[in-house]
Amino acid sequence: MKRVASLMEGWARGLGLPESEVLRWRAAAYLHDVLRDADWDDLRKQAPPAVRDLPGPLLHGPVASQRLWEEGVEDQEFLTAVAYHTVGYPELEAMGQALFVADFVEPGRREDREWRRQLRESMPEEWDRVTRIVTATRIHRILQREWPLRRETVGFWNRLVGQKAPDDQGGDPGPEDGR
Ligand SMILES: [Fe+2]
C-alpha cells in the first residue's frame, strides 16, 4: 500500500494537482487493498449482487468500496476507484486510472521487474500509453486463465482506445479525426 501510495502521490504531483487531490489519491492507495487478504467466500457473501460472480482474487475491491460507503465515505469517484482497481471500469477518472495502473506497476511485484519499472517511470507523462498497456496485459491474463471478460473491463478498454488522457484539455484533434 505504501508503494502504491508513493507512486500515486508522485503522479498527482506530476500532473500539478492541488494538495487536497494529492491527499485523496494517497488515501485511495492506502485503502484499496484493505480486504485483499480476506477469505474469498466471506467476501462473496458480502459483495453487492452485481459483482458476486467475480473471481475470488478480484472481490476485495468492490467489497472494500461497499464497506467504505457504509462507514460514511460519500466520494463516488473514490469509491469507484477502489471498487474497480483490478477490473477496470469505463467511468474511471484520473484517480481510478492511476490506481489501476499503480497497483500493476508497483515495485513490489516480482515478475517482469524491468518492464514494470519502465512503465512506472513513464507516468504520468505517457499516461494513455501506459494505461493501455496495463489494461491489455490484464485482459490477456484473464483470457489465459479462461475467466470470463467483464463488461466493465471491456468498456474500460473501449474508452481507453477511443478517448484522450484525463489531463488533456483537448485542442489536438488526433489522427482519428481525419483532418
Ligand atoms: Fe487489490
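This report concerns the structure included in the present document. Keep in mind that what you see is a predicted model, and the values were worked out from it rather than measured.

Attention now moves to the overall build of the chain. Check the secondary structure of the chain and you find 9 helices and 0 strands. Helices (α) and strands (β) of the chain occur, in sequence order from the N terminus, as α-α-α-α-α-α-α-α-α. Here the C-alpha radius of gyration of the chain, 16 Å, is about what a compact globule of 179 residues would show, namely 16 Å. On the principal axes, the C-alpha backbone points of the chain span a range of 50 × 40 × 30 Å. When the 179 residues of the chain are sorted by exposure, 44% land in the buried category. Sequence-distant contacts in the chain: of pairs separated by 6 or more residues, those separated by 24 or more amount to 57%. The distance from the centre of the 26 positive side-chain charges to the centre of the 32 negative ones in the chain is 5 Å.

The next thing to look at is the coordination of the iron ion. Bound to the iron ion are the protein donor atoms D33 (OD), H60 (NE2) and H85 (NE2), situated 2.0 to 2.2 Å from the metal. The motif formed by the donor residues of the iron ion, counted along the single chain, is D-x26-H-x24-H. Taken as a pair, D33 in the loop between α2 (19-31) and α3 (40-46) and H85 in the loop between α5 (76-83) and α6 (94-105) lie far apart in primary sequence, 52 residues in all. Residues D33 and H85 agree in their burial class; the two are buried.

Let us look at the nonpolar core. Counting residues in each nonpolar core, the largest one holds 44 residues, and the members touching the most others are M8, W11, W25, M95, V101, V105 and V134. The set of elements that each furnish at least two residues to this core consists of α1 (2-14), α2, α4 (60-70), α5, α6, α8 (127-144) and α9 (151-162). At 9 residues, α6 tops the list of elements feeding residues into this core.

A separate point is the environment of V161. Here V161 lies in helix α9. Residue V161 is classed as partly exposed on the basis of its relative accessible area, which comes to 44%. In sequence terms V161 and R129 are 32 residues apart; their C-alpha atoms lie 9.6 Å from each other.

Turning our eyes to something else, we now look at the pattern of salt bridges. Tallied over the entire structure, the rule returns 20 salt bridges. The residue D37 makes a salt bridge to R36 at a minimum N-O spacing of 4.0 Å. For D37, a relative accessible area of 71% gives the class exposed. Three or more residues joined by partner-sharing salt bridges are found here, namely E9, R13, E19 and R26.

Definitions and cut-offs
- Residues numbered from 1 in each chain as written.
- Predicted model: local features only at pLDDT ≥ 70, side-chain atom pairs only at ≥ 80, totals over all residues.
- Heavy atoms only, no water.
- Helix = DSSP H or I, 4+ residues; strand = E, 2+ residues; numbered from the N terminus.
- Rg over C-alpha atoms; globule rule 2.2 N^0.38 Å.
- Buried < 20%, exposed > 50% of the residue type's maximum accessible area, 1.4 Å probe, protein only.
- Contact = heavy atoms within 4.5 Å.
- Lys, Arg positive; Asp, Glu negative; His and termini not counted.
- Charge placed at Lys NZ, Arg CZ, Asp CG, Glu CD.
- Donors = N, O, S within 2.8 Å, 3.2 Å for Na, K, Ca; no water.
- Core = buried A, V, L, I, M, F, W, Y, C linked by side-chain atoms within 4.5 Å.
- Salt bridge = Lys/Arg side-chain N within 4 Å of Asp/Glu carboxyl O.

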